[in-house]
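# Structural characterization, general
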Number of protein chains: 4
Amino acid sequence: MTDSSSQAPRMAAEQNTHFPKTAQEAIGQVVLANRILGNEGILDALGHVSVRNPENANTFFQARSISPFEATRDDILEIDLDGNVVTQTTMRPYGERIIHGAILKARPEMNAVFHGHFAAVIPFSVTNTPIRPITHVGSFLYQGVPIYDDYEPGGGMLIRTKEEGARIAKHLGQHRVHLLRGHGCDIVAEDLPRLVASAVYLRDNATVQWQIFVSGEEPKYLSAEEARAAMEIGFFGAGAIDRMWGYWVARVKRSMPDMKD
Amino acid sequence: MTDSSSQAPRMAAEQNTHFPKTAQEAIGQVVLANRILGNEGILDALGHVSVRNPENANTFFQARSISPFEATRDDILEIDLDGNVVTQTTMRPYGERIIHGAILKARPEMNAVFHGHFAAVIPFSVTNTPIRPITHVGSFLYQGVPIYDDYEPGGGMLIRTKEEGARIAKHLGQHRVHLLRGHGCDIVAEDLPRLVASAVYLRDNATVQWQIFVSGEEPKYLSAEEARAAMEIGFFGAGAIDRMWGYWVARVKRSMPDMKD
Amino acid sequence: MTDSSSQAPRMAAEQNTHFPKTAQEAIGQVVLANRILGNEGILDALGHVSVRNPENANTFFQARSISPFEATRDDILEIDLDGNVVTQTTMRPYGERIIHGAILKARPEMNAVFHGHFAAVIPFSVTNTPIRPITHVGSFLYQGVPIYDDYEPGGGMLIRTKEEGARIAKHLGQHRVHLLRGHGCDIVAEDLPRLVASAVYLRDNATVQWQIFVSGEEPKYLSAEEARAAMEIGFFGAGAIDRMWGYWVARVKRSMPDMKD
Amino acid sequence: MTDSSSQAPRMAAEQNTHFPKTAQEAIGQVVLANRILGNEGILDALGHVSVRNPENANTFFQARSISPFEATRDDILEIDLDGNVVTQTTMRPYGERIIHGAILKARPEMNAVFHGHFAAVIPFSVTNTPIRPITHVGSFLYQGVPIYDDYEPGGGMLIRTKEEGARIAKHLGQHRVHLLRGHGCDIVAEDLPRLVASAVYLRDNATVQWQIFVSGEEPKYLSAEEARAAMEIGFFGAGAIDRMWGYWVARVKRSMPDMKD
């Protein structure tokens, strides 16, 4: 039997993408991403996720101001990259949707954005310990995780103005992840499955890295070469991404059997 | 589309309160608060929560001596601020209801009290490490968290006399939270949703603060200005509180689908 | 309204016991204790619990060699204090039932024994850090927690001979808890509700004590006077014990709604 | 009553094995092992488990490229020891099945292999702290846990060539467990119940060992004599293995009541 899996080529966008072709598919996928992130404990009541509209690169889809765990298709708003709600509705959007628009504007090659506050990243956001890849599933972190600390005075550490959105996008630059000091993190990815994978394994990498850090031991991190190869061949390969997304969807269906789409 | 969310004013009690208008609503809300605190693992068999009677500022509602997880509407007692049970019943009240009455008497601007023992606060209660805000959702802690250690000799570290209740209220003073050495914490808030949010994020802030503390690193805490703004604009804003309460209620309904009100 | 709860007298065995009057009640209670300990994560597949036969002080009830989580009334064996199975059955008993018999023989005032390996006690069993009461719910530990390390050579660290059972009972002495080096702990109590409470809060006290220990801070422990009063008035008082047992039973019923008695 | 349990002889393969006699039984057992490892949180979307074919020592059974949590009988492939899929199918195998074949080829006395990445082993894989037995249920680790760090350059730290498979098997040698630097671990055992037990208690031993390590205390480990006896008489004895496997199966059935075989 031919074994294509051991000959996996480097990631090529055309064959490897999980970014949908239609708006309807994107809406369905962002509903699932919301529930997955709630179900896996990555987001609680707060934090949010978005996906670019495949039919209009200048808008994105995101839940109204509701906990991700509860989101259904009826809760998804279309929003432009400046944060204006396009959907005709009285539903309230997230105040920090500005982050999503600003990053999607600055990163045309990317299609999905995460903003959240899970505990594992917090120690790194308030100390001088940089997050680095400990294992192959942390490989996507190899280009570094800078810390944003240029908040609007009096703004409550929330990102809600276009000006601060632009600063956030500029600070993220070409990274996949940055931290917001005393607040949380933003993540960007090619598509929602890779975004959710990034959030889950950022948590796992940060958790174990801090456990090692408190011991005083200096771990052997992945080298940049190891990490890039691990990301391209393994972690972000279509096989692994399909397996992870399938797993998270199966878990959501098991824990929320009654929830409508 | 107009975006009111990015123009959120400072918290104004008249528009922002989640304190109910009627006794019946308050009873329903305190039942939910009990179940939420059990479901989120903030309270186990021990600990309790109360809400002032909106129709009589001199009484409050609280479950009988039962685990919060199990409380139903039929288990709620009306108790006066000295700890006397007003409800005509043979049901047994919590011995430490005295804490709730004493604090509600001393803080007329507040309407909800929590007393519990969750593990995250214990290290801070027996060492000299003060709890401070690490993130925006710990912002409500910015005025400090003092430690009570003036127990009645021979009283088993329980607060069950009017005299000690008065000492507890005096020690809490104008703070939102204080710790009881080797015992747990008391929390006071404007309403039950803000009280539950305070308990959940006190846990999260204390957990991550201790994880940082054991590393020997000195974190960058929120400044008092940052914290006050974060609390007023973000964490305690109506939008965030609605989202959090909705989330916790949705989780209770999912885990206890059969439980009567 | 009269408030008997604030006048709670010191624990008096005759009014405060939760040790049943009949063998049938004791069997039902030990089934519940098995399920509770499994459901609360105190025991996994290994470890066991027993209760003295109220109708014959020289025998006790214990599940056959099965995980506590799965035990039903049909799985309970009657065993004498030397470890002989009295029940006419081919069902296999636990090898370490010898621990239970030996302790019940040496402690006629006690009626329930626990043996388990939960992770929280292990660090204390292999280092020189004594477990001490950090909070009021750890108060029952105030007389100290010695470490047994006198294993039968070649016995695999299991306690399965009468001689070693006697050494175990002698080492426990008048303590409520001792540790077995590199193995786990034994606990003895007046009745199964107090035994389960001791296991749960030994876990919680040990967990938080170790978290403090790794920080290098010296906590303020409960004094012996504080601890004895906290145990007698609060933690082991009938009100608290009823509330805890009711809570654990309610949780078992919720997570195993279909399980027969 | 005769008590055979206290006279348990040293493990003898002929009476003590849990390796099935037929291919159909082995397939059913590997489905259960997959679900157990998912249900116990030992494997998430990634990682895999295999069992030798009892009817052909040169092939093994393993799920197709799917999360272990989701595996059913229809997902099990037969694969030869060089990694060629024998089953007539278009289903995709795991890329790292090469690990399983290589180890089963090198260890004819063993019949089951695990490869996974659970967090507890990671700190030991990137520092110089060797895993050692802390308790009797970590006894199977007494011969040491070496760290593999001889990855194919540019291979993304995945083991997918026959050459690297051979290096992995050689590095594992006669050990039961080795770590892969910055990646995870491989485990080998006589049968699937002993393999699952090894994975679960490797996690528990590593977790508590790291908690002790960060304190700076030097624990008293099991001596080699203690550990070998504890493994042979206790942990890997038929009684304990039956009890553990029964427990994990009961938990799977409880959490996945609807899942077909």
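Nothing here was measured: the structure is a model prediction, and the numbers come from that model. (Residues numbered from 1 in each chain as written. Chains lettered and ligands numbered in written order. Predicted model: local features only at pLDDT ≥ 70, side-chain atom pairs only at ≥ 80, totals over all residues. Heavy atoms only, no water.)

## A word on the overall build of chain A
- From N to C terminus, chain A includes 8 helices and 7 strands.
- Taken over C-alpha atoms, the radius of gyration comes to 18 Å for chain A, in line with the 18 Å a tight globule of 261 residues would show.
- Dimensions of chain A along its principal axes, counting C-alpha atoms only, are 55 × 50 × 35 Å.
- Counting over 261 residues, chain A shows a buried share of 65%.
- Restricting the contact set of chain A to residue pairs at least 6 apart, pairs at least 24 apart contribute 70%.
- With an accessible surface of roughly 9200 Å², chain A has 49% of that area assigned to carbon and sulfur atoms.
- Within chain A, the 31 negative side-chain charges are centred at a point lying 1 Å from the centre of the 26 positive side-chain charges. (Helix = DSSP H or I, 4+ residues; strand = E, 2+ residues; numbered from the N terminus. Rg over C-alpha atoms; globule rule 2.2 N^0.38 Å. Buried < 20%, exposed > 50% of the residue type's maximum accessible area, 1.4 Å probe, protein only. Contact = heavy atoms within 4.5 Å. Areas by Shrake-Rupley, 256 points an atom, 1.4 Å probe, with all protein chains shown as cover. Lys, Arg positive; Asp, Glu negative; His and termini not counted. Charge placed at Lys NZ, Arg CZ, Asp CG, Glu CD.)

## Looking at the relation of the copies chain B and chain C
- Superposing chain B onto chain C takes a rotation of 90 degrees combined with a translation of 0.0 Å along the rotation axis, leaving an RMSD of 0.0 Å. Such values leave the two copies arranged in the relation of a four-fold axis. For chain B, the residue whose C-alpha comes nearest the rotation axis is Val214 of chain B, separated from it by 4.6 Å.
- The residues that chain B uses at the interface reappear at the interface of chain C in only 2% of cases, marking distinct surfaces. (Least-squares fit on C-alpha atoms with pLDDT ≥ 70 in both.)

## Focus: the relation of the copies chain B and chain A
- When chain B is brought onto chain A, the operation consists of a screw motion whose angular component is 90 degrees and whose axial shift is 0.0 Å, with 0.0 Å RMSD remaining.
- Residue by residue, only 3% of the interface of chain B is reproduced at the interface of chain A, so the copies engage with different surfaces.

## Notes on the interface of chain B and chain A
- Chain B puts 34 residues into the contact, and the matching count from chain A is 45 residues.
- For the interface between chain B and chain A, the tally reads 2 salt bridges.
- Between Asp149 of chain A and Lys220 of chain B there is a salt bridge, with the nearest N and O atoms lying 2.8 Å from each other.
- Counting across the chain B and chain A interface gives 7 residue pairs in polar contact (both at pLDDT 80 or more).
- Counting only elements with at least two residues in the side of chain B that touches chain A, the list comes to helix H6 (192–215), helix H7 (224–235) and helix H8 (238–255) of chain B.
- Per element, the largest residue contribution to the side of chain B that touches chain A is 8 residues, and it comes from H8 of chain B.
- For the side of chain B that touches chain A, the per-class residue count stands at 17 nonpolar, 9 polar and 8 charged. (Salt bridge = Lys/Arg side-chain N within 4 Å of Asp/Glu carboxyl O. Polar contact = N/O pair within 3.5 Å; in protein donor to acceptor, adjacent residues only side chain to side chain. Nonpolar A, V, L, I, M, F, W, Y, C, P; charged D, E, K, R; others polar.)

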